[in-house]
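# An overview of the molecular structure
Here are the chains, one letter per residue:
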Amino acid sequence: MEIYHGDIVYSKDIKNLVEYKDSYIVVQDGIVEGIYETLPERYSNVEIIDFGGDVIIPAFTDLHTHAPQYPNRGLAMDEVLANWLDKYTFPLEEKFKDETYARDVYTAFVDDMIAHGTMHAVVFGTIHNKATDTLIDQLERHGIMSYVGKVNMDKNSPKYLLEDTQESIDKTELFLQKHIDKVYSKPILTPRFAPTCSFELLKELGNLMAKYKVGLQTHIVESKWEKEEAKKCFDGCRCDMQIYEDAGLLEYGPTIAAHFIYPSQEDIDILKKHNGIAVQCADATTNVIAGIMPTGLLLDNGINIGIGSDISAGQSLGIYIQIASAIRLSKIKSLYEKENRVISFAEAFYLGTKQGGSIFGNVGSFEKGYYFDALVIGGLEDKYQELKPVEVVERFCYAGEVKNIKYKFLRGKEI
Ligand code: GUN
Ligand code: FE
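Below you will find a few notes about this structure. Per chain, the residues get numbers from 1 upward, laid out in the order the sequence is written. Following the order in which they are written, the chains are lettered starting with A and the ligands numbered starting with 1. Selection of residues for local features in this predicted model requires a pLDDT of at least 70, selection of side-chain atom pairs for listing and counting requires 80 or more, and totals for whole chains, interfaces and linings are taken over all residues. Where side-chain values are given, they derive from all heavy atoms of the structure, hydrogens and water being excluded.

### A few points about helix 2 (residues 99-115)
Heads up, the condition is: Put simply, DSSP H or I for four residues or longer makes a helix, DSSP E for two residues or longer makes a strand, and each gets a number counted from the N terminus. In this analysis, the expected span of each helix is defined as 1.5 Å times one less than the number of residues it contains. Relative accessibility under 20% of the residue-type maximum defines a buried residue, over 50% an exposed one, and the middle range a partly exposed one, all with a 1.4 Å probe and only protein chains included. Contacts are assigned to residue pairs with any non-hydrogen atoms lying within 4.5 Å of each other. In protein, a polar contact requires one atom able to donate a hydrogen and another able to accept it; more generally it is a pair of N or O atoms within 3.5 Å, and residues adjacent in sequence count only if both atoms are side-chain atoms.
For helix 2, with 17 residues, the first-to-last C-alpha span of 24 Å sits near the 24 Å given by 1.5 Å per residue. Those residues of helix 2 that fall on the buried side of the exposure criterion are Ala102, Val105, Tyr106, Phe109, Val110, Asp112, Met113, Ile114 and Ala115. Buried residues along helix 2 sit against strand 5 (60-66), strand 6 (118-124), helix 3 (129-142) and strand 16 (405-410). The N-cap residue of helix 2 is Asp98: its side-chain oxygen and the backbone nitrogen of Thr100 are 2.9 Å apart. Backbone geometry just after helix 2 places Gly117 at a positive phi near 85 degrees.

### Brief notes about the coordination of the iron ion (ligand 2)
The cut-off we apply is this: Metal donors: N, O and S atoms at distances within 2.8 Å, or within 3.2 Å for Na, K and Ca, with water omitted from the atom set so that some sites may seem incomplete. Here a site with four donors is tetrahedral if all angles are between 85 and 135 degrees, and a site with four or six donors is square planar or octahedral if opposite donors are over 155 degrees apart and the other angles are between 65 and 115; anything else gets the irregular label.
Distances from the iron ion (ligand 2) to its protein donors, namely His64 (NE2), His66 (NE2), His219 (NE2) and Asp310 (OD), fall within the range 2.0 to 2.4 Å. Coordination at the iron ion (ligand 2) is irregular: its four donor atoms span angles of 87 to 177 degrees at the metal. Mapping the donors of the iron ion (ligand 2) onto the primary sequence gives the spacing H-x1-H-x152-H-x90-D. Of the two residues, His64 sits in strand 5 while His219 sits in strand 11 (residues 216-220), which places them 155 residues apart along the sequence. A single burial state applies to His64 and to His219, both of which are buried.

### Structural notes on the environment of Ile25
Tracing the backbone shows Ile25 in strand 2 (residues 17-28). It is 11 Å that separates the C-alpha atoms of Ile25 and Val9, two residues lying 16 residues apart in sequence.

What is shown is where atoms sit, not what they do.
Here it is, written out as structure tokens:
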């Protein structure tokens, strides 16, 4: 058993970000037992680890990111999606045919993700099996709860990333078989997006979903261009989400719909029907995708939303940065569209911790029974005004850096 003392902040639900000043969190076998303002007598002989005035918060969840694009972060941010893919992203992904290069990049990626306080993630690899094996193996070794996908692309792609349909299916099945029994890092189906996948391929992936009972991650209505390209998938196709429903790719969860910027009512209805989760990747959408998720409207429609870094359309692995950007973008959206309201800090923090974490079980909060996946943040106070613990967390999301994460815990173990 461990007892930590400090200020404590976590989301109870979407409206309630709770704070405990000068309190104790009791952890038994990596799981939160309780939080106490005064420590009960029964714990009097347990040693207390004291973080003073620093704030203990849940570790973050990144629901959408591309590990192979890590070397491109912060580059080509003046391009828009289709050009950015063709000129910068696809050529980089080709390099992952080299397993040694892949292992090096993925080591740096995983280390940097953890350094930014992210301990649960949903990650794209590339079309290459061996490279993606090294990614999932590394996440498993670190004990990071995650879903990792070998990407599928069998049309509208450069020759060096183009798969034959049957080859794409066979390689995916091999990937599933190889990793299905992992403990922490699980395989997930990852058709890149509708413009690069034939419907035949998607239906075969649907069969693999039925056979192996795995989930799906992809990009959904991420740009006006992509939304229109998706409708060319088959005759009579009405919307992006319909493609995946018709292919049988929404039968098992999790269903991760990255971006979800231009959904029709039918896209919304289908995502909701299958209990999918949309992912807000705020900086990525302004950097290259040029759109803003209708976050307030979707939340008011009962859609689940998580937060993603979307490296390298996004420039940083910090989910805390994306929490702040999600609020900022909701303000801009609300200026132009009256039906979209501004989201609060409590809401945005909930999306990046408890809501995103929900696909992994009890992570992202400190209620009794949740894993103690935690960060201790500090160095954010100043001498001009005293901040409440929630204000320290808000400042961290807007102006924090990796150096403000002083300690990290994964299932109760310091890392
Ligand atoms: N759509 C298809 N591929 C990608 C990608 O790699 N990044 C983003 N942001 N969108 C995509
Ligand atoms: Fe993406």
